[in-house]
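# Breakdown of the fold
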Amino acid sequence: MRLVSLASGSSGNCIYIGSDEHHILIDTGIGRKRVEEGLAALELSPADLDGVLITHEHSDHISGLGVLARKYEIPIYGTAGTLERVRQVKSLGAFPGDLFHSIRPGEAFSFGDLDIHPFSVDHDAADPVAYRVDCKEKSVAVVTDLGEYHPETVEWLADLDALLLEANHDVRMLQVGPYPYYLKQRVMGKQGHLSNESAGRLLAEIWQPRLGHVLLGHLSKENNYAELAYETVRMELVMGDCGCGKNDVCLAVAPRSGRSDTVQI
Ligand SMILES: [Zn+2]
Ligand SMILES: [Zn+2]
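Residues numbered from 1 in each chain as written. Chains lettered and ligands numbered in written order. Predicted model: local features only at pLDDT ≥ 70, side-chain atom pairs only at ≥ 80, totals over all residues. Heavy atoms only, no water.

The backbone phi angle of E43 is positive, close to 60 degrees, even though this residue is not glycine. Along the chain, E43 falls in the loop between helix 1 (32-40) and strand 4 (51-53). Overall, E43 belongs to the exposed group, its relative accessible area being 74%. The backbone of D145 shows a phi angle near 60 degrees, a positive value even though the residue is not glycine. With a relative accessible area of 1%, D145 lands in the buried category. (Helix = DSSP H or I, 4+ residues; strand = E, 2+ residues; numbered from the N terminus. Buried < 20%, exposed > 50% of the residue type's maximum accessible area, 1.4 Å probe, protein only.)

Have a look at this one:
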């Protein structure tokens, strides 16, 4: 099973997950050409995709969806609330009706050997979800765009082998940074984005020896930078009492606009 970020950040998100036979993207917030190039580097084409799974309707997650899905006739999966909003985004163009497939948080579905588990997250969108993907004995998850996490979130992230987790902002940089007050409140709010510190605390709660690969993603361009996210999360993880030693997890920051290293589990 492979996990690769093709782009991750507040200006575009697209994550690949696949086994030998089945392939999905989570979100398409980058253009068709960049998706094609990212998949080509993995010796794949968009035509190989079983589906695009949408987390929510914000443009950094769907801006490339229309062109890509129409050209390759890729099925699109999302909650009913998300798909309804996607249909209303005029800049995406019209979608053939049969491309949309409605899913429900907490109800699993599968593509061959990939078992998909969508679960609800707190974010200011219609009906946002994050995804856990199990393949035989291995499990990965992609969790971005959430203001806070709950005991149920921790349960969904039990026994993972790899995780892409949001580390959106440094709270102090956000507080003194250029955003207007209302936007600062939104980002920091219960339906906003996870800070570096919160990401570290969540990781410390879910860490167990199988969790060997963590990619930090969805970093804010204005209120964070890679070294700070990495160090803050690493400190929370290895200085706490969760038992994680400094060599027990391969921690990396997913690039904003390029492909991450391939996480192979
Ligand atoms: Zn969002
Ligand atoms: Zn986002």
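Let us keep going from here.
For the zinc ion (ligand 1), the full set of protein donor atoms is H56 (NE2), H58 (ND1), H123 (NE2) and D145 (OD), at a range of 2.2 to 2.5 Å. Relative to the metal, the four donor atoms surrounding the zinc ion (ligand 1) lie at angles of 91 to 173 degrees, and the coordination shape comes out irregular. Coordination of the zinc ion (ligand 1) draws on donor residues from a single chain, spaced H-x1-H-x64-H-x21-D in sequence. A distance of 3.4 Å spans the gap from the zinc ion (ligand 1) to the zinc ion (ligand 2), which D145 bridges by coordinating each metal. Of this pair, H56 sits in the loop between strand 4 and helix 2 (59-62) while H123 sits in the loop between strand 8 (114-120) and strand 9 (129-135), and the two are 67 residues apart along the sequence. No difference in accessibility class separates H56 from H123, as the two residues are buried. (Donors = N, O, S within 2.8 Å, 3.2 Å for Na, K, Ca; no water. Tetrahedral: all angles 85-135°; square planar, octahedral: opposite > 155°, others 65-115°.)

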